[in-house]
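Spelled out from the first residue to the last, the chains are:
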Amino acid sequence: MYAALDGRPLGLTFDGDDLLVAATEAGLCSVAPHGEVTTLADSADGRPVAYADDIFVADDGTVYFTDATAHERFEDELWELGDTGRLLAYHPDSGETTVELDGLGFANGLALGPDDESLLVTETSRYRVTQYWFEGDREGEDAPFVETLPGFPDNVDRGADGRYWLAIPSLRADVLDTLHRYPWVIRQLGKLPESATEIDIEPYGLVVELDADGNVVDSLHAPDGDVFGITSATPHDDALYLGSLFGSSVARYPFDSE
């Protein structure tokens, strides 16, 4: 074992020799080469970091990371659409953690935007990706990058050609789309046991390719369920490497098979 944390490690990236980890309940942590864990940020603006998810380190050393939801269970965010997700920034010089953007619907994956001055933030419960400018003429602004996706977006990766690969672990859940029209029903769900509000994932594999303007230019489908629950689609050389919620293997999809 390399390091033990107080929560599930979801996002990982290296900052020099140290490994930065976004972990549920634990927040943003740094792991030294010998395995010592230091908590960098476990709250922001008086609210605990409940569900640290993904990380991006800017050239100036600022560590941007998502706090997906204020809920302990991600299903609660999907049911309630409370938009409690946040984009946070840890500033290593001061040790301060600031809220860059809030009101996000399960803030999930992060990637550098096409102009290198913004970040793309996936909003899982809202079926969309939001673009946030952290520097430049539009610093502090945000705008939709892509909306009305066919499923719940997870991680997003930028390829060498400037296009983006967006992993979609599950298609839209009809029961959610229907019940969201009736807020009074949603309010009653809190009285039910957790097992009654679990969301079944259809065994369907889906990855969407986006251009620099957020247009869908291609999509990869596995309707037979051989690869499904796809959480990440990382391009490297001549293939796409796929992570999943299920199983313990990484799938490889060669581009020449298209």
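Our subject is the structure that appears above.
Residues numbered from 1 in each chain as written. Predicted model: local features only at pLDDT ≥ 70, side-chain atom pairs only at ≥ 80, totals over all residues. Heavy atoms only, no water.

Visitor: What is the right way to look at the overall build of the protein in this model?
Guide: Check the secondary structure of the protein and you find 3 helices and 23 strands. Out of the 258 residues in the protein, the part that is buried amounts to 48%. A fraction of 41% describes how many contacts in the protein between residues 6 or more apart in sequence connect residues 24 or more apart. Carbon and sulfur atoms provide 46% of the accessible area of the protein, an area that totals close to 12,900 Å². (Helix = DSSP H or I, 4+ residues; strand = E, 2+ residues; numbered from the N terminus. Buried < 20%, exposed > 50% of the residue type's maximum accessible area, 1.4 Å probe, protein only. Contact = heavy atoms within 4.5 Å. Areas by Shrake-Rupley, 256 points an atom, 1.4 Å probe, with all protein chains shown as cover.)

Visitor: Would you mind going over the sheet that holds strand E21 (residues 230–236) with me for this structure?
Guide: The strand order across the open sheet built from 3 strands is E21-E22-E23, with neighbouring strands paired in antiparallel fashion. The strands lining the two open edges of the sheet, one partner per strand, are E21 and strand E23 (251–254). When strand polarity is set aside, the average angle formed by the axes of neighbouring strands in this sheet is 25°. (Pairing = 2+ DSSP bridges. Axes fitted to C-alpha atoms, helices over the stretch in contact; angles between N-to-C directions.)

Visitor: I tried to follow the side chain of asparagine 155 on my own but got confused; where do I start?
Guide: Mapped onto the elements of the fold, asparagine 155 is located in the loop between strand E15 (151–152) and strand E16 (156–158). A distance of 3.5 Å separates the side chain of asparagine 155 from the side chain of aspartate 154, its partner in a polar contact. Among the polar contacts made by the side chain of asparagine 155, one reaches the main-chain carbonyl oxygen of threonine 231 at a distance of 3.1 Å. With residues near it in sequence (within four places) discarded, asparagine 155 still touches Asp54, Asn108, Gly109, Trp165, Leu166, Ala167, Thr231 and Ser232. (Polar contact = N/O pair within 3.5 Å; in protein donor to acceptor, adjacent residues only side chain to side chain.)

Visitor: Would you take a moment to explain a negative patch on the surface for this structure?
Guide: Together, Asp59, Asp60, Asp93, Asp115, Glu117, Glu135, Asp137 and Glu139 line one region of the surface with negative charge. Note on placement: glutamate 135 falls in the loop between strand E13 (128–133) and strand E14 (142–146). For glutamate 135, a relative accessible area of 35% corresponds to the partly exposed category. (Patch = residues over 30% accessible without salt bridge, like charges linked within 9 Å, V, L, I, M, F, W, Y side chains within 5 Å. Salt bridge = Lys/Arg side-chain N within 4 Å of Asp/Glu carboxyl O. Lys, Arg positive; Asp, Glu negative; His and termini not counted. Charge placed at Lys NZ, Arg CZ, Asp CG, Glu CD.)

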